Amino acid sequence: MKTYRNCLLALFVALSLLIPSATAQAAESWSPQPLPALSVDTVFGDSRYIDPEWLTHKVTISWQGTEWMTGMDAFRDVPVRLTNAGGKIAVKFLDLAVFRSYFDAINAQLAGLTAQSDTPVFDNGSGSYIRQSGQTHQEAVPQMAQWLADTMENLILTGACTDIAQELTPELLTTVTDQSVVTTSPDFVLAGSCTTSFKTSSANRSSNIEVGASRLNNLIVMPGQTVSVSDAILPRTKANGYKPAGVYANGVHTTGMGGGVCQISSTVYNAVKNAGLTVTERKAHSMPVSYLPKGLDAAIAAGSKDLKFRNDYSTPVVIYTDTSNKQLTVNVVVWNQELNGRSFKLWAKQTGSLSADTYFTTYQDGREVSTVFVGTSRYNPYREEGDES
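Everything numeric here is computed off the predicted structure, so don't read it as measured data.

Colleague: Explanation requested: the sheet that holds strand β16 (residues 308-310) in the structure shown.
Modeller: Note: strands within a sheet are paired through backbone hydrogen bonds, in either parallel or antiparallel orientation. With respect to topology, three strands assemble into an open sheet ordered β12-β16-β15, the strand pairing being antiparallel. Strands at the two margins of the open sheet, each flanked by one partner only, are β12 (226-228) and β15 (278-281). Within the sheet, the average angular offset between the axes of one strand and its neighbour, ignoring direction, is 30°. By the bridge criterion, three bridges tie β12 to β16 in an arrangement that is antiparallel. Within β16, the position partnered with Ser228 by the bridge is Lys308.

Written as structure tokens, this is what we have:
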């Protein structure tokens, strides 16, 4: 594993990595040894089972006359699983980190090739519009690392030991907008809003809220699109700008990376419901929160809790966030014709010291037309880490 990590760092830290180094020539006569078991875990460079000629070949990715090349010896130490496939050896790459690093290096160069964009996201031709403006650049889609692994696996199985070349076509690229600003016509109106305060929060917690909320600002949600708040604000890691702060974990208040982001998801929960969007996943906290009434919170935790919502309107909606004056505000704007006089309100009624029922009311021209029961939220008493009571 240490050799593998050293290989990754040595090959991919510098962008000049993309020229293949010389490698030992494959033996003139080579045949694979039979597998000693139904499956064997080893590395790509294991010449007992995988033709060493592979290490003399290269991968070339190109786009508009620019080429990025790496020798396949860069993949020598990548873990693989070998299985018997009707007398042939099938290869499955078990770790794609080196493949991802190759495309990360390509994307780092593509990021420097920016263009100014003013993209009409929605325009009905009669004065209603959503426009996204900002610097844009292209990136290879994340699936390219898996594509390269799949391509090599298929070629190895067929015995075709050859170079691999691929042009980045529009289908293999995605447009990234940097520092985008979304503007709308006046008939896109504020349909849902929620504001919560973090004035008493620590510096780290406040920073986490500002970092996470910024990733939701100017977010366009297309018709039928489902948004995961946990995914949208990115994993709570130091590399993504997050810091350790207070979190709820395992039934106690403790410290964890990204503490405070649940205030973002809770504020978003109220704003999108008040705008008439469909919430497809929401979970209450294990203990009550201070910034919203019971029944109106929405917890997120990597791998276990998330807030997800869907735009069931026929036109896009836009989410704006603001964290000035240590107050988090989430606003959702919707095309007025979609609302047609409707408005919405998410609210809760406390049913006990640690429980609340949540309701959703729809209004037509200011008059209540329906109220539906959303669910019951139950909480545990507040406990600090180390509290044995």
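Past the structure itself, the notes keep going.
Colleague: Before we go on, may I ask you to explain unusual backbone geometry in this structure?
Modeller: Backbone geometry follows two general trends: most residues other than glycine have a negative phi, and most peptide bonds adopt the trans configuration. Phi at Asn218 is positive, roughly 65°, even though this residue is not glycine. In this fold, Asn218 is placed in the loop between α4 (203-214) and β11 (219-221). We note that Asp365 has phi near 55°; this positive angle belongs to a residue other than glycine. Relative to the helices and strands, Asp365 resides in the loop between β20 (355-364) and β21 (367-378).

Colleague: Help me understand the sheet that holds strand β1 (residues 39-43), please; the structure alone is not making it clear to me.
Modeller: Read from one edge to the other, the open sheet built from three strands follows the order β1-β4-β5, with strand pairing classed as antiparallel. Edge strands, defined here as strands with exactly one partner in the open sheet, are β1 and β5 (88-93). Between one strand axis and the next, the sheet turns by 30° as a mean value, whatever way the strands run. Sheet strands touched by helix α3 (residues 144-158): β4 (79-85) and β5. Its angle to β5, the strand with the most contacts, is close to 170°.

Colleague: Would you take a moment to explain the packing of aromatic side chains for this structure?
Modeller: Note on aromatic pairs: each is described by the distance of the centres and the angle between the planes. Per the counting criterion, the structure on display carries 11 aromatic pairs. Between Tyr102 and Phe103, the ring centres sit 5.0 Å apart and the planes meet at 55°, which makes this aromatic pair tilted. Assigned by exposure class, Tyr102 and Phe103 land together as buried. Taking the centre distance of 5.8 Å and the plane angle of 75° together, the rings of Phe122 and Phe188 count as edge-to-face. Of this pair, Phe122 sits in strand β6 (residues 115-123) while Phe188 sits in strand β10 (residues 188-197), and the two are 66 residues apart along the sequence. Here Phe122 and Phe188 have matching classes, each one buried. Pairwise contacts between aromatic rings join Phe44, Phe75, Phe93 and Phe99 into one cluster. The cationic tip of Arg131 hangs over the ring face of Tyr129; the distance from NZ or CZ to the ring centre is 4.0 Å. Residue placement shows Lys273 over the ring face of Phe360; its charged tip is 4.0 Å from the ring centre.

Colleague: Help me out: how do you make sense of the pairing of β1 in this one?
Modeller: Consecutive side chains of a regular strand alternate in pointing toward one face of the sheet and then the other. Residues of β1 alternate between two faces, with Val40 and Thr42 buried on one and Ser39, Asp41 and Val43 left unburied on the opposite face. The pairing of β1 with β4 spans five bridges and is classified as antiparallel. Within β4, the residue paired with Val43 across the bridge is Pro79.

Colleague: What am I meant to see in the nonpolar core here?
Modeller: Note that soluble globular proteins tend to have their nonpolar side chains buried in a common cluster. Formed by 42 residues in total, the largest nonpolar core has its most connected members in Val268, Leu277, Phe309, Ile319, Val332 and Val334. Secondary-structure elements contributing two or more residues to this core are β10, α4, β11, α6 (261-274), β17 (317-322), β18 (327-335) and β19 (342-352). Among the elements that line this core, the one with the most residues is α6, at seven residues. Residues Leu35, Val40, Ile89 and Leu148 belong to the second largest nonpolar core, which totals 39 residues.

Colleague: Can you help me understand the side chain of Asp357 in this one?
Modeller: Structurally, the position occupied by Asp357 is in strand β20. Despite being buried, Asp357 has no salt bridge partner; Arg378 is the closest side chain of opposite charge, sitting 6.2 Å away. Not counting residues within four places of it along the chain, the set of residues in contact with Asp357 comprises Trp347, Ala348, Lys349, Thr351, Phe373, Gly375 and Thr376.

Colleague: What's the story with the packing of helix α2 (residues 97-110) against α3 in this structure? I'm lost.
Modeller: Each pair of packed helices gets described by two things: the angle between the helix axes and the distance between those axes. Here α2 crosses α3 at 125°, and the two axes come no closer than 8 Å. As judged from the angle between their axes, α2 and α3 are oblique. When the axes of α2 and α3 are compared, the crossing they make is right-handed. Residues Phe99, Arg100, Tyr102 and Phe103 of α2 touch α3, and the partners they reach there are Met144, Ala145, Trp147, Leu148, Ala149 and Met152. Of the residues that constitute the contact of α2 with α3, the class distribution is nine nonpolar, no polar and one charged.

Calculation notes
- By convention here, each chain's residues receive numbers from 1 onward along its written sequence.
- The model is predicted, so local features are restricted to residues of pLDDT at least 70 and side-chain atom pairs to those at 80 or more, both for listing and for counting; the totals for chains, interfaces and linings are taken over all residues.
- Side-chain measures were taken over the full set of non-hydrogen atoms in the model, leaving aside hydrogen atoms and water.
- By definition, two strands form a pair when at least two bridges between them are found by DSSP.
- The helix count covers DSSP runs of H or I at least four residues long, the strand count covers runs of E at least two residues long, and both are numbered beginning at the N terminus.
- Axes here mean lines fitted to C-alpha atoms, for a helix over just the part in contact, with angles spanning 0 to 180 degrees between N-to-C directions.
- The criterion used for residue contact is that any of the two residues' heavy atoms lie within 4.5 Å.
- The aromatic pairing rule takes the rings of Phe, Tyr and Trp, using the six-membered ring of Trp, and pairs them if the centres are within 6.5 Å, calling planes under 30 degrees apart stacked, those over 60 edge-to-face and the rest tilted.
- When a residue's accessible area, from a 1.4 Å probe over protein chains only, is under 20% of the maximum for its type it is buried; when over 50% it is exposed; and in between it is partly exposed.
- When the NZ atom of lysine or the CZ atom of arginine is within 6 Å of a ring's centre and also within 35 degrees of its normal, the charge is said to sit over that ring.
- Remark: nonpolar core denotes a set of buried residues (Ala, Val, Leu, Ile, Met, Phe, Trp, Tyr, Cys) joined through side-chain atoms within 4.5 Å.
- Under the counting rule used here, the positive set is Lys and Arg, the negative set is Asp and Glu, and His together with the chain ends is not counted.
- When a carboxyl oxygen of Asp or Glu lies within 4 Å of a side-chain nitrogen of Lys or Arg, that pair is called a salt bridge.
- Roughly parallel refers to an angle under 35 degrees, roughly antiparallel to one over 145, roughly perpendicular to one between 65 and 115, and oblique to any angle outside these ranges.
- Left-handed is the label given to a crossing in which the near helix is rotated counterclockwise from the far helix by less than a right angle, and right-handed is the label when the rotation is clockwise.
- Polar here means any residue outside two lists: the nonpolar Ala, Val, Leu, Ile, Met, Phe, Trp, Tyr, Cys and Pro, and the charged Asp, Glu, Lys and Arg; Gly therefore counts as polar.

Such coordinate-based values are descriptive only and should not be taken to indicate function.
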